[in-house]
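Read off the chains here:
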Amino acid sequence: MEPRKLIDMLRATIDPNQRQQAEEQLAQIHKIIGFAPSLLQVVMMNECEMPVRQAGAIYLKNLISQNWHDRETEAGQPMPFSIHEQDRSLIRESIVDAVVHAPELIRLQLCTCVNIMVKHDFPGRWTQIVDKISIYLSNPEASGWHGAILCLYQLVKNFEYKKAEERGPLHEAMNLLLPLLHQLVVRLLPDPSDQAVQLQKEILKVYFALTQYTLPLTLISKEAFTQWMEVCRQVIERPVPPAALQPEEDERPDLSWWKCKKWALHILYRMFERYGSPGNVTKEYSEFAEWYLQTFSNGILEVLLRLLDAYRGGSWLPPRVLQQTLNYVNQAVSHALTWRLLKPHMCAIIQDVLFPLMSYSQEDEELWSVDPHEYIRVKFDVFEDFVSPVTAAQTLLHSACKKRKDMLQKTMGFLTQVLNDPNTESPRKDGALHMVGTLADVLLKKKIYRDQLDQLFLKYVFPEFQNSRGHMRARACWVLHYFSEFPFNQEPVLAQAVNLTITALLQDKELPVRVEAAIALQSLLSFQDRSHRYVEPQVKQIALELLTIIRETENEDVTGVMQKLVCVFTVQLAPIAVEICQHLATTFSQVLDTDEGSDEKAITAMGLLNTIETLLTVMEERPEILSMLEPTVLQVIVHVLQNEVQEFYEEILSLIYDCTSKHVSADMWRVLELLYQVFMKGGADHFTDMMPALHNYITVDTDAFLSDEQRLLAIYNICKEVLSRDLGEDPEAHAAKLLEVVLLQCRGRIDGAAPLLVELVASRLLREIRTSELRTMLLQVLIAVLYYNPPLLFSVLEKMPDFSNHFIKQWIKDVDCFLGVHDRKICVLGICTLISLPQKPQVLVELASKIMPALIMLFEGLKKAYAARAQDSGEEEESESDNDEVEEVLSSDEDEIDEKGQEYLDSLSRRALTSGAAAGVPITATIEDIDDASDDLDSDYEADEMALESYTTVLDNEDCEVDEYVVFKDVMGRLETTENEWYKALTSSLTEEQKKALMEISVLADQKRAARESKRIEQQGGYNFTQQQIPTSFNFGNASLGS
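Residues numbered from 1 in each chain as written. Predicted model: local features only at pLDDT ≥ 70, side-chain atom pairs only at ≥ 80, totals over all residues. Heavy atoms only, no water.

Just to check I follow, could you spell out the overall build of the protein for this structure?
For the protein, the helix and strand inventory stands at 52 helices and zero strands. The principal-axis extent of the C-alpha atoms belonging to the protein is close to 105 × 85 × 80 Å. Looking at the protein as a whole, 52% of its 1043 residues are labelled buried. Within the protein, counting contacts between residues at least 6 apart in sequence, those at least 24 apart form 75% of the total. Surface accessibility of the protein: about 49000 Å² in total, with carbon and sulfur atoms responsible for 49%. (Helix = DSSP H or I, 4+ residues; strand = E, 2+ residues; numbered from the N terminus. Buried < 20%, exposed > 50% of the residue type's maximum accessible area, 1.4 Å probe, protein only. Contact = heavy atoms within 4.5 Å. Areas by Shrake-Rupley, 256 points an atom, 1.4 Å probe, with all protein chains shown as cover.)

How do you make sense of the pattern of salt bridges when you look at a structure like this?
If charged atoms from side chains of opposite charge come close, those side chains can pair. Per the stated rule, a full pass over the model turns up 49 salt bridges. A salt bridge links Glu644 to Lys681, with the shortest nitrogen-to-oxygen separation between them at 2.9 Å. Remark: Lys681 occurs in helix H36 (residues 666–683) and Glu644 occurs in the loop between helix H34 (623–642) and helix H35 (649–659); sequence separation between them is 37 residues. On the basis of relative accessibility, which here comes to 36%, the residue Glu644 falls in the partly exposed class. Connected via shared salt-bridge partners are Asp70, Glu85, Arg88, Arg92, Asp121 and Arg125. (Salt bridge = Lys/Arg side-chain N within 4 Å of Asp/Glu carboxyl O.)

It is not clear to me how the packing of aromatic side chains should be interpreted in this structure. Could you clarify?
The relation between two aromatic rings is expressed through the spacing of the ring centres and the mutual angle of the planes. In this structure the tally under the stated criterion is 32 aromatic pairs. Grouping aromatic residues by their ring pairs yields a cluster made of Phe225, Phe272, Phe288, Trp291, Tyr292, Phe296 and Tyr328. For the cation-ring pair, Arg747 lies above Tyr787, with the distance from its terminal atom to the ring centre recorded as 3.8 Å. (Phe/Tyr/Trp six-rings, centres within 6.5 Å; stacked < 30°, edge-to-face > 60°. Lys NZ or Arg CZ within 6 Å of the ring centre and 35° of its normal.)

Just checking my understanding: could you explain a negative patch on the surface for this structure?
On the surface, a cluster of negative charge is made up of Glu248, Glu249, Asp250, Glu251, Asp254, Glu363 and Glu366. Topologically, Glu248 is positioned in the loop between helix H11 (222–237) and helix H12 (256–275). Relative accessible area serves as the criterion here: at 55%, Glu248 is assigned to the exposed category. (Patch = residues over 30% accessible without salt bridge, like charges linked within 9 Å, V, L, I, M, F, W, Y side chains within 5 Å. Lys, Arg positive; Asp, Glu negative; His and termini not counted. Charge placed at Lys NZ, Arg CZ, Asp CG, Glu CD.)

Just to check I follow, could you spell out the nonpolar core for this structure?
Soluble globular proteins tend to pack their nonpolar side chains together in the buried interior. Ranked by size, the top nonpolar core spans 357 residues in total, and within it Phe225, Phe457 and Ile656 carry the most contacts. With 13 residues, the single largest contributor to this core is helix H13 (residues 286–312). Phe225 has contacts with Tyr207, Leu215, Ile220, Met271, Phe288, Trp291, Tyr292 and Phe296, leaving out every residue within four places of it along the chain. (Core = buried A, V, L, I, M, F, W, Y, C linked by side-chain atoms within 4.5 Å.)

Would you take a moment to explain a nonpolar patch on the surface for this structure?
Among the surface-exposed residues, Val382, Phe383 and Phe386 lie close enough to one another that they form a single nonpolar patch of about 320 Å² accessible area. Relative to the helices and strands, Phe383 is located in helix H18 (residues 382–385).

Would you mind showing me how to read the state of the cysteines here?
A covalent bond between the sulfur atoms of two cysteines is referred to as a disulfide. Summed over the entire model, instances satisfying the criterion amount to zero disulfides. Cys111 takes part in no disulfide bond, and the closest cysteine sulfur to it belongs to Cys151, at a distance of 5.8 Å. Cysteine Cys960 shares no disulfide, and the gap to the nearest cysteine sulfur, in Cys832, comes to 14 Å. (Disulfide = S-S within 2.5 Å.)

Would you mind showing me how to read the side chain of Thr559 here?
With respect to the helices, strands and loops of the structure, Thr559 is situated in helix H30 (residues 556–568). Thr559 sits in the buried class, given a relative accessible area of 0%. Setting aside its immediate chain neighbours within four residues, Thr559 contacts Ile550, Gly607, Leu608 and Thr611.

Looking at this model, I keep getting lost on helix H50 (residues 964–978). Mind explaining?
Every α-helical turn comprises 3.6 residues, leaving residues that sit three or four positions apart pointing alike. Over its 15 residues, H50 runs 21 Å from end to end, which matches the ideal 21 Å to within 8%, given 1.5 Å per residue. Of all 15 residues in H50, 11 are buried; the element is thus mostly enclosed. When we look at burial in H50, the residues that qualify are Glu964, Tyr965, Val966, Phe968, Lys969, Asp970, Val971, Met972, Gly973, Leu975 and Glu976. The opening residue of H50, the one whose side-chain oxygen lies 2.8 Å from the backbone nitrogen of Tyr965, is Asp963. (Expected span 1.5 Å × (residues − 1). Polar contact = N/O pair within 3.5 Å; in protein donor to acceptor, adjacent residues only side chain to side chain.)

Help me out: how do you make sense of unusual backbone geometry in this one?
Leave glycine aside and you will find that most residues have negative phi; peptide bonds, for their part, are mostly trans. Here Phe122 and Pro123 are connected by a cis peptide whose omega angle stands at 5 degrees. Along the chain, Pro123 falls in the loop between helix H6 (104–121) and helix H7 (128–138). You will see that Glu644, though not glycine, has its phi angle at about 55 degrees, which is positive. A positive phi angle is found at Asp802, which is not glycine, with a value near 60 degrees. Within the element layout of this structure, Asp802 appears in the loop between helix H43 (790–797) and helix H44 (803–813). Using a relative accessible area of 45% as the deciding quantity, one classes Asp802 as partly exposed.

Laid out in structure tokens, this is it:
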């Protein structure tokens, strides 16, 4: 392809007047063989102006992202476009060279291309990338190093999170490349130039990506590991040049000197935390962990202690460097070997490093004053916690005081001094209260401190609510939040705590204070039931103030406070429920209309939707309020569905479910139409989330559902789409369940549509099925049709050669796959219908001897399932225990061990075996991780296999007249008297044990019949009690049959 023409087209894409025409021209020619290599050639032309090259690089990146890999052609569809192999080969040959020689502005796009190419072609079609990188890394010419390292990084990133057994091709490549990388970094370390430091940073990133998830011990020998640890040590210890300290503090972390230290610390902490902590690592790293702890931990710790010493002396460190340093020290607290080195310095670290970090800073003051909304966002940003040195300081303080003897006492002594000193300035007082709150759970477990907490509140916390400085009032609220589980010994202290919090929420002029007060109030409501009486008189003002704060801050945590308030004070808030809902809906629209900070906005928006759902749930028994809430909720539902805001579909579908749980209004029937359109326009991936709402539409008002045949047609089309497309067998099982619900709920009322449902399910059964769950669910639909109308089922199945025989055989064979109450019940009812047919299918006669054992298995399962259901309903109460002083501190020569970790269990096993052998008692049992072992097979399927059982039908109602035990006994009694030969065929081969089981089923049937009769009489004003005994003879024919 002529490069000049391509350059002209790319140039035109930059011009707004020519862009559309140029993009159309590119779209017409991008499939031509030779286009992609020509585009890369243009991107690399130095004589071409940079904007054109950038436009070409972006187009090439998008082309490769979308069309690099081969794609399968779907039946009846045109072949999807993929870049021709001839072009791909040319690009593979030149892309590494292009990255090496490309200017910085273009390199990033080309690296993305490399990443995609590695993902699809390495190692199969592109082993040459390893050779290319190797040549550049081996070359003394420095100009090729950076591009080669970037390509290597893309190679490693593709394997970063893969399991060890899937990383073979990478490790094979790194056998060659890792030594070259080490040689290069050692060569670069003495070079103080910015370019050399930048390369060191990129090399450390490669090493971190290689080792952060899996440490390949076959690739990295102890000698090689030691070499890399030495590189990290040197990077951390070396001083930075004065130029690295000249920019403004918030700009310094972006400099390569500091980034280099950050990545070195990333590596050190990861090696210690994931692979080097005995008792806390997986089995394959146990030996390595012991070696690491003995060989490196103290040496590295000494380096980091010198770093912290310089920091406490006034040297500046970037936040991430400080954070990672504190993380490493925190890990060292758990091990006796490192604690011995750390112990003499710990008090100084707490007082001179952690305390200043946890105190109110000048940066905090500036942010509070200039932009309180941003202050709130930063303080409540969960993502910020992962990188904040303040969070790392909290964690280290908590670990040291919880795990190591005397540290709590010494720390509290220091904090008491600070708080008692009348000259303590408010930032330091803030730091002290911050530390006390961080240690709240530790203090609450120690009687000596717990008994003094009332006084702590009265003396140090409550007075700060009157402090003229807003941040101290906010800190007082924060402390109450962290001590909210404290069982207040004196009622007046609890009353004062709640009232001060409410006053701060309703009257404080500073927004951050009101936010902290709201969070504190939520905690007090959650843990202090006695607090409710103090909140109730002002609950309406509190609710309206919370709505104002939510609208103003869009803070997700405050949304959670609103949810709690609505749950606790449902009755009191009912009169303003509509106003609350309108506020929440308006704020939701406001959040959707702003684009900035999309992740945080999404979290906030979900919180608002969840709060609306909470409001609907708690008002469930107030239909008059629900009907007033519905129009507002409807606006939110329609807005999301019509604008296809898919990230909120799950929450919106929950709202639809809530709005249709008791009653379906005319507006909500229109939502079903909208839901159908959304599904058909690309919402099929959300089908399982739609299922609860669709179930409501069918079952809550079945008459209305059937009054418009378009509604039934919509359900049919949705299920047909799911069962015809490759959406996965779980959605398909849900679709089958929905069809079963329709058949059972509308029994006798959809004769015209039922054959379509049968054909749909039968055709799916004829295609490949990988899981027994889907196969069982599809069989269950056909069983439901059999129960609905036997002639209708067989009239459809007869059109499919031999299908009826296969269906019945598979059904009886798979009877053990029917789980839970409903599935077994419909299976029993289906078999009872089948054996009662006037014309018995030949295959049924052949299977006669297997029918009764199958039914016995089903009834045994039903007995267990009913018992489990009764047990579940009776296990609502949770026991509480006093855990006073249960947390033991570690002595200086003790390690903290992860007692759930496999390595710990293995060590216990080894010790038990050794002790047993010494005592002459051979021990063969092994200790299993309780999380890995299955306690009870029944409980396993409760969670997984019975998820669909929540979609109930008329058969599952408590007042359902159809009892499978009674139906079975009646059928068998009828067969015994009217079809004795068939009866004998079914029962003649039963064992004594099976006969006994049938007797027990018969007794249960009589008991259930009697219980139902007693209930009927009781409802009429009388009571009847019947005692049943197990009969000694096996006989279904008796006077009670047929009643």
